[in-house]
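# Results of the structural survey
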Amino acid sequence: MKPTDIKNPDYFHKVVDCQWACPAHTPVPEYIRLIAHGRYSDAYMINWKSNVFPGILGRTCDRPCEPACRRSRVEDETLVNGKKEPVAICRLKRVAADFKDDEGIKASMPKAPEKNGKRIACIGGGPASLTVARDLAVLGYEIVIYDQDPKLGGFIRTQIPHFRLPESVIDEEVGYITDIGNIEFRHKKIESMKAVLAEGYDAVFVGSGAPRGRDLDVPGRKEAANNIHIGLDWLSSVSFGHISKVGKRVIVLGGGNTAMDCCRTARRLGGEDVKVIVRSGFEEMKASPWEKEDAMGEDIPILNMLVPKEVTHNNGRITGVLFEKVKAEYDAKGRRSLIPSGEPDQHFECDDVLVAIGQENAFPWIETDAGIEFDKWGLPKLNEQTFQSSEPKVFFGGDAAFGPKNIIWAAAHGHDAAISIHKMLIGENPEERPAPGVNIVSQKMGIHEWSYDNAPTIDHRLKVPHRAKQEALKDIMAEVELGFDVKLAFKEAQRCLNCDVQTVFTGALCIECDACVDICPMDCITFTENGEEKDLRGRLMAPALNPTQDLYIGNDLRTGRIMAKDEDVCLHCGLCAERCPTGAWDMRKYYMEMTNAEQVCRKH
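Attention here is on the structure that accompanies the text. (Residues numbered from 1 in each chain as written. Predicted model: local features only at pLDDT ≥ 70, side-chain atom pairs only at ≥ 80, totals over all residues. Heavy atoms only, no water.)

## What to know about the pairing of strand β14 (residues 352–355)
Convention followed: The buried label goes to any residue with under 20% of its type's maximum accessible area, the exposed label to any with over 50%, and the partly exposed label to all in between, with areas taken from a 1.4 Å probe on protein chains only. Put simply, DSSP H or I for four residues or longer makes a helix, DSSP E for two residues or longer makes a strand, and each gets a number counted from the N terminus. Strands are treated as partners if at least two bridges between them are detected by DSSP.
Side chains Asp352 and Leu354 of β14 all project onto a buried face; the interleaved residues Val353 and Val355 project onto the opposite face, where all are buried too. Pairing of strand β6 (residues 228–230) with β14, which is carried by three bridges, proceeds in the parallel orientation. Considered in β14, the bridge of Ile230 is made with Val355.

Set out below in structure tokens:
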């Protein structure tokens, strides 16, 4: 195999999986180290630059980074109840927000320069539009954000219950953006894309989300309409105070996070017998595992493999829902279909039904002759790299671009769309994307001393403290998760394996004494003859079984052999570098920062 180039960002992506798994590519190990050192404001600003909403995401993120965390891959001893436990990356993000110096953060936020004469409209006031506004306002662009709701935030504000996300957190982080300057908010529902384009904006960004919830289509739906509610609309009505109570017996249809929010909200509005009923199996539900756990922890059962068949009613007043029991059947290609199980239908009595069976995009305000093409699913046809539509001035992002995802994806889309808009308006090709910034620095402070804590330990993931159930259910505004305190945050941060601190090998200094091989706790270092990758993987001290993870190959050894290290299980503990008598091993921090619109501007 060829020697590894550690300066190659593609290699780094595969090693620091948590940062690359995050759509916004947040430097996860770096901000966790800062939290361990008590530097909460610095950790917050690292997050703010990449994911824009640290306090919001620290409570609500779907955590795509955590399944990629190396902690759950290298230590089977961390198994808890049969589950591998990554570092609590998401909840540590909240720690930075909770303990930052608020006044210091405000003072360090950027301010917009003089206007550059270009005007950009953002349709929708959610996370994607707010990210675009933040990235472009600092370049002098005049940003006008339109939203039908009286306050910015989009679905963050209207459809995430306040017992999960306090409104004060939303106000604070939206305020950081609007306080930059050059950003105007217009409380207005957009009815016509052509009318917006006619106002002479230099670019238009559509971040209007996926605002329409799917409806239930079964007999009895129309007759019992007064007590059947679309989950998204119902949550918004609760948020605005239009709904303050619900029936004692509530059925929630759907298996996603919206369904979990609906059932937990119903419990707080008077629902005593609240059930979630899903057509899929429990493990196949789209809701995050922790969302399901929180719902069940509030005495909400989740019933699976039941398909709604009919809404029963008495003179228009709902009496319940009839369900057909199904089972999963798989064809030769592993594709699943649900078929009747043959068991008797089940009827559940209820006073209200909340329908949370999915979301879909709705663009009735974009005229067919506005120059924007849509696919057969009603989504805009976009350049997936630039987010540019068939109308060159119009860009999409967030749920409006590719369908429902989550907040972190919306922020990532906003960053990319802002780069595209900026490059277009300065006369460059938006498809030519800027490379990330990379910095590699040795962490050596002495012969056996490093600037980071490198002691691998087998510590179980710490649980986030919760408000007592009975107290939480009494108040819909009472936040359930209380967050880590300083001591718990430090202990959890210490579980991070510092994957961005790379082992760097210099073959010319190596005397092949095998000291590193002897000390390695994972048996991941091997000195051997070179060869083809498949053959080499089987000849290592411990066979490297994950072909998606590159091997680290070092050459220039005097014997002509190579050093091969399996990055899939390496702890980055630094013991090899401490033991090496010649300094052939070093530990170097590899800091990668994705380029945003402002940095593109600096290069000109």
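## Details of the nonpolar core
This is how it is decided: Nonpolar core, defined: a set of buried Ala, Val, Leu, Ile, Met, Phe, Trp, Tyr and Cys residues in which side-chain atoms within 4.5 Å join the residues together. In this description, contact between two residues means that some pair of their heavy atoms is separated by no more than 4.5 Å.
One finds Ile35, Leu136, Ile143, Ile525 and Trp585 to be the most contacted residues of the largest nonpolar core, which totals 110 residues. In terms of residues, this core owes the most to one element, helix α17 (residues 407–425), which gives nine residues. Contacts of Ile143, omitting those with residues within four sequence positions, involve Ile120, Cys122, Ala133, Leu136, Ala137, Asn182, Ile183 and Glu184. Of all hydrophobic cores here, the second largest spans 22 residues; its members include Val238, Cys263, Ile302 and Ala356.

## A closer look at the side chain of Gln19
Counted only if it meets this: In protein, a polar contact means a hydrogen-donor-capable atom and an acceptor-capable atom, both N or O and within 3.5 Å, with residues adjacent in sequence counting only if both atoms are side-chain atoms; elsewhere, any N or O pair within 3.5 Å suffices.
Secondary-structure assignment places Gln19 in helix α2 (residues 17–21). Judged by relative accessible area, Gln19 falls into the buried class, the value being 2%. Engagement of the side chain of Gln19 in a polar contact is seen with the backbone oxygen of His25, the distance being 3.3 Å. Residues in contact with Gln19, not counting those within four places in the same chain, are Phe12, His25, Thr26, Pro27, Val28 and Met592.

## A look at the sheet that holds β14
Here is the rule we go by: To define axes, lines are fitted to C-alpha atoms, for helices over the stretch in contact only, and angles between the resulting N-to-C directions are given on a 0 to 180 degree scale.
The strand order β6-β14-β7-β8-β9 describes an open sheet built from five strands, whose pairing is parallel. Two strands in the sheet have a free side with no partner beyond their single neighbour: β6 and β9 (302–303). Sheet analysis places strand β8 (residues 273–277) next to β9, joined by two bridges and oriented parallel. Residue pairing in the sheet places Ile277 in a bridge with Leu303 of β9. Along the sheet face, helix α13 (residues 231–239) touches β6 and β14 and points at about 85 degrees away from the line of β6.

## Regarding the packing of helix α3 (residues 28–36) against helix α7 (residues 89–99)
The geometry of a pair of packed helices is captured by two quantities: the angle between their axes and the separation between those axes. What counts here: For classification purposes, an angle smaller than 35 degrees is called roughly parallel, one larger than 145 roughly antiparallel, one from 65 to 115 roughly perpendicular, and anything else oblique. Should the near helix be turned anticlockwise from the far one by less than a right angle, the crossing is termed left-handed; should it be turned clockwise, right-handed. For this classification, Asp, Glu, Lys and Arg are treated as charged, while Ala, Val, Leu, Ile, Met, Phe, Trp, Tyr, Cys and Pro are nonpolar and the rest, including Gly, are polar.
Following both chains from N to C, one finds α3 and α7 inclined at 50 degrees, their axes separated by 10 Å at the closest point. If you check the angle between α3 and α7, you find them oblique. Handedness of the α3/α7 crossing: left-handed. Contacts from Val28, Tyr31, Ile32 and Ile35 of α3 reach α7 at Ile89, Leu92, Lys93, Val95 and Ala96. When the residues that make up the contact of α3 with α7 are grouped by side-chain class, the tally is eight nonpolar, no polar and one charged.

## What to know about the pattern of salt bridges
Here is the rule: For salt bridges, the criterion is a side-chain nitrogen of Lys or Arg within 4 Å of an Asp or Glu carboxyl oxygen.
Considering all chains together, one arrives at 49 salt bridges under this definition. Among the ionic pairs, Arg221 bridges to Asp215, the shortest N-O distance being 3.0 Å. The exposure class assigned to Asp215 is partly exposed, which follows from its relative accessible area of 42%. When salt bridges with common partners are traced through the structure, they connect Glu30, Arg33, Asp500 and Lys589 into a single cluster.

## Some details on the sheet that holds strand β24 (residues 585–593)
Strand order across the open sheet formed by three strands is β17-β24-β20, with antiparallel pairing between neighbours. Edge positions in the sheet fall to β17 (437–442) and β20 (501–505), since each has one partner strand and no second. Averaged over neighbouring strand pairs, the angle between their axes works out to 35 degrees when direction is ignored. Both β17 and β24 contribute to a ladder of six bridges, which runs antiparallel. Within β24, the position partnered with Gly437 by the bridge is Glu593.

## Comments concerning the packing of helix α9 (residues 127–137) against α17
Taken N-terminus to C-terminus, the directions of α9 and α17 make an angle of 40 degrees; their axes are 7 Å apart at the nearest point. Between α9 and α17, the interaxial angle falls into the category oblique. Remark: the crossing between α9 and α17 carries right-handed chirality. Of the residues in α17, those touching α9 at Pro127, Ala128, Thr131, Val132, Arg134, Asp135 and Leu136 are Ile407, Ala410, Ala411, Gly414, His415, Ala417, Ala418, Ile421 and His422. Split by residue class, the contact of α9 with α17 holds ten nonpolar, four polar and two charged.

## Regarding α3
Among the nine residues that make up α3, nine are buried, leaving the element largely enclosed by the rest of the structure. Regarding α3, the residues found buried are Val28, Pro29, Glu30, Tyr31, Ile32, Arg33, Leu34, Ile35 and Ala36. Considering only its buried residues, α3 is in contact with α2, α4 (40–51), α7, α19 (486–493), β20 and β24.

## Thoughts on unusual backbone geometry
Phi at Arg63 is positive, roughly 60 degrees, even though this residue is not glycine. Structurally, Arg63 can be placed in the loop between α5 (54–60) and α6 (71–74). Classification of Arg63 by relative accessible area gives buried; the value is 7%. Positive phi values are uncommon outside glycine, yet Asp523 reaches one of about 50 degrees.

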